Every structure is written in structure tokens, then in C-alpha cells.
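# Descriptive structure summary
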Number of protein chains: 2
Amino acid sequence: MKDRLFRQLDFIREIDKVKTIIRNSTLFCENRKENDAEHSWHICIMTMVLAEYTKDAFDPLRVMKMLLIHDLVEIDAGDIVVYNKTALNEEAERKAADRIFGILPLDQAKEFRVLWDEFEEKKTPDSRFAAAMDRLEPMLMNLAHKGEIWEKYGIRYEQVIQANKIISEVAPEIWGWLENVLYEHPYWTGKRQETGNA
Amino acid sequence: MKDRLFRQLDFIREIDKVKTIIRNSTLFCENRKENDAEHSWHICIMTMVLAEYTKDAFDPLRVMKMLLIHDLVEIDAGDIVVYNKTALNEEAERKAADRIFGILPLDQAKEFRVLWDEFEEKKTPDSRFAAAMDRLEPMLMNLAHKGEIWEKYGIRYEQVIQANKIISEVAPEIWGWLENVLYEHPYWTGKRQETGNA
């Protein structure tokens, strides 16, 4: 039994490293980049606040569990901006999941892995709602910072719409507002003026 | 309806400030202090991992909700080390709860306030389990850093036992391990040698 507790405590100490994985998003309130732990916390609260916007029945506890652990793999695999994900990166994340969840007692390692796999596949209502929150938070931050991510990675308008499609499917009313804000955002109106596309 | 969504989005942006509230605990993996968002994330995962150690039936979703929002009041009231809490600080936290939860639509403001009040009172199984996680994480961090909090605030051994009593009540098996680690921790064995209390 001690061995079980020690594995759990080792896991709790190991995942501390998520606090050092720096994302591309700048905080709303301060000029520094967000880390994965802060991001995971934020989208869990967003799940509490925005649950009413989906018509699909989902289990908020499972959504939160997915969101709490979804970025643990980045301890080994690093953070990749959504527009740049590759098969190689996905392989690195699977290896990371083996190692990090493997610190836990076997039953818990399995439980966490099932949640993580489900989140990665984004096919169930739980994982799709979780994915929508995971996309919405950096989108809101990027909007608050003049589209700095689009600028940095040279993203096209169509890529933004495509990468955030899950928000439109899961929460159409939020998307209705967001699509307008996006279209009228100074970054894109500026781009349209540059290229002459009205 | 737009007004409702705008209130929710304002709340989501406002609580970003929790990421700038710096605690006394040093990370396990790096020499910097933890912030409230990171702490809240960490104790939610601890709830997933350590749920089996309590005999009291509790609702993990409610526990996580409490943990996610329990430190939002510190945006206005600041972080106070557990050994230094006063009635004045508690009053500041209640005012902060009025303002911050008040950004939300009324029904959600009420729901969040009920959860926060319950957490503060620590009388129900949900709030007691949440409080045990909230105490255990900084304790583990402090143990990993040679008892730096005890040193900084001149804390006595009996104060440590008293402030963490809830862990012993909620999760006796974790406490059984922790009590031993505490008693044999170099910080306290050193203190006992200084004072001559074997």
C-alpha cells in the first residue's frame, strides 16, 4: 500500500513540470506568456461557465479530468502551436503519455490514458466540448493581443476558421459571436486592405 | 442573450489575474514561487489521484469546482499564508467574492458563491476533502524545500500539526505517512537538537 501512495506522490511531484511549459499565448492581464498549468486551470473554469452553450449532453467531470491532464505529455514533447502539429509530434506525445501516466499505479495509469486518448481523438461529446474550450481560450487571448499568433506564424484567415471549426460545431452561439469578431478584427481588415480583397 | 455571454467572457478575462497572485510555495521542479492558478490546477489533479484515501463519500465534480475557484478572491485580497489569516483578511475576501463572482450572470454568480462559501466553512465532505488537498500541496512543496515556509515565518511544530489537522481527519492514511515524514524532517530534528527536546 505504501508503494501505491509513493507512486501517486511521485506523479504529483513530476507533473509540477507542466508549470514550466510555456505556450504561445500572452496573458490577458500581463505581458508574459501563459504556461500549460495556467491554461488547463483556465479552461476548466470556462467549462463551468460556458457549459450551457452546447446542445450535446456531456459529463462535466470527465471534461474537467481531460482538460486537467491533456497537456501533461508536453512535459516531454513540448508545446506546439495548433497550426504546426505533425505526426512526429503526435508520436512524441504518445511516448510521453506512456512514461508520465506510467508513474501512477496501473489502474490509474490506465484511467488517465483512456481519458487522454479520448481527448486526442475528439470524437465523443466529452472530448469535443473539452477541445472547444482548449481552442477558445487561446483564441480569446490572441484576439486581445492584436492577432499576435497569426502574425508570428503567418496564418491565413481560412486556417483560423479551419483550426477552430470545433467551436462552431460544439457551441454555435459562441461561434456566431466569435466569427463576427474575427471577421471584423483589425488584423484581418488590415490584411484585406493590403491584398485588395474587400 | 448577448449580455449574458459578454458577462461570462468578462469573467473569463478577469480571472486571468489569478495567474499573477504569487504564493509562498516554491515549485518542486524550479526555483520560483507558484501562482494561484498553477496551485488550483495541481490540487484538482491531486483530487483525481488521491480520492481513494478518504472514507467520506464526496462529489469529485463539486470538489474540483470549489478548488478551481477557491482562490479567485485573492485577485483583490492577496495571498495570506495559512498561519497568518485574520478576520480582517476574511472580510476582504468576502468583498472580493461579491465583486468577482458578481461579474457573472446572476444565476452563475450565486452558484459560484455557494461553492466558495461552502469551501470557506469546511463543514461538508466536499469542502473538507477540497481543504485537505489545498493544505497537502503546499506541505509537500515545503517538505521538498527544507521547510522554508516554517523558517520564514518562525512556525512551531505544533502549529504545523494544528494547521494541517484536516488532512489527518480526511485522509488518515496519507497523514500516517506525512506525520512520520514531518517528525523526522531535518528541519525539526535540527530544532529539537537546538532546544534540547529529544
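So, here's what we can say about the structure. Computed from a prediction, not measured in an experiment: that's the story for all the values here.

### A few points about the overall build of chain A
From N to C terminus, chain A includes 12 helices and 2 strands. Its helices and strands in sequence order give chain A the pattern α-β-β-α-α-α-α-α-α-α-α-α-α-α, from N to C terminus. Over its C-alpha atoms chain A spans a radius of gyration of 18 Å, differing by no more than 12% from the 16 Å that the globule rule assigns to 198 residues. Dimensions along the principal axes, computed over C-alpha positions, put chain A at roughly 65 × 35 × 35 Å. Out of the 198 residues in chain A, the part that is buried amounts to 55%.

### Describing the side chain of A:Gln108
Residues and elements named next belong to chain A. Residue placement: Gln108 occurs in helix 6 (residues 106-121). Look at Gln108 and you get buried, because its relative accessible area is 5%. Here the side chain of Gln108 touches Gln8 through a polar contact of 3.0 Å, side chain to side chain.

### Overview of the packing of aromatic side chains
Residue and element names in this part refer to chain A. Counted under the stated rule, the structure contains 16 aromatic pairs over all chains. Judged by centre distance (6.0 Å) and plane angle (75°), the ring pair of Tyr157 and Tyr183 falls under edge-to-face. Linking Tyr157 in helix 9 (residues 157-163) with Tyr183 in helix 11 (residues 172-183), this pair joins segments that are 26 residues apart in sequence. Tyr183 gets classed as partly exposed once you look at its relative accessible area, which sits at 39%. Cluster of aromatic residues (ring-pair linked, three or more members): Trp150, Tyr157, Tyr183, Tyr187 and Trp188. The side chain of Lys122 reaches across the aromatic face of Phe119, ending 3.9 Å from its centre.

### Quick look at the interface of chain A and chain B
Contacts between chain A and chain B engage 53 residues on the former and 53 residues on the latter. Summed over the three residues of chain A that lose the most area to chain B, namely A:Lys19, A:Trp41 and A:Met48, the buried surface amounts to 16% of that side. Counting the contacts that link chain A with chain B gives 6 salt bridges. Counting only elements with at least two residues in the side of chain A that touches chain B, the list comes to helix 1 (2-14), strand 2 (33-35), helix 2 (36-50), helix 3 (60-69), helix 6, helix 7 (125-144) and helix 11 of chain A. For the side of chain A that touches chain B, the element with the most residues is helix 2 of chain A, which contributes 11 residues. Here the residues of the side of chain A that touches chain B are counted per class, giving 33 nonpolar, 6 polar and 14 charged.

### A word on the pattern of salt bridges
Per the counting criterion, the structure on display carries 52 salt bridges over all chains. For A:Asp71, the salt bridge identified is with A:Arg23, shortest N-O distance 3.6 Å. Placement of the pair is A:Asp71 in the loop between helix 3 and helix 4 (74-77) and A:Arg23 in strand 1 (residues 22-26), with a sequence separation of 48 residues. Both residues of the pair, A:Asp71 and A:Arg23, count as buried. One salt bridge in this structure joins B:Lys19 and B:Asp16, with 2.7 Å as the shortest N-O distance.

About the thresholds
Residues numbered from 1 in each chain as written. Chains lettered and ligands numbered in written order. Predicted model: local features only at pLDDT ≥ 70, side-chain atom pairs only at ≥ 80, totals over all residues. Heavy atoms only, no water. Helix = DSSP H or I, 4+ residues; strand = E, 2+ residues; numbered from the N terminus. Rg over C-alpha atoms; globule rule 2.2 N^0.38 Å. Buried < 20%, exposed > 50% of the residue type's maximum accessible area, 1.4 Å probe, protein only. Polar contact = N/O pair within 3.5 Å; in protein donor to acceptor, adjacent residues only side chain to side chain. Phe/Tyr/Trp six-rings, centres within 6.5 Å; stacked < 30°, edge-to-face > 60°. Lys NZ or Arg CZ within 6 Å of the ring centre and 35° of its normal. Contact = heavy atoms within 4.5 Å. Buried area = accessible area lost by both parts, 1.4 Å probe. Salt bridge = Lys/Arg side-chain N within 4 Å of Asp/Glu carboxyl O. Nonpolar A, V, L, I, M, F, W, Y, C, P; charged D, E, K, R; others polar.

Such coordinate-based values are descriptive only and should not be taken to indicate function.
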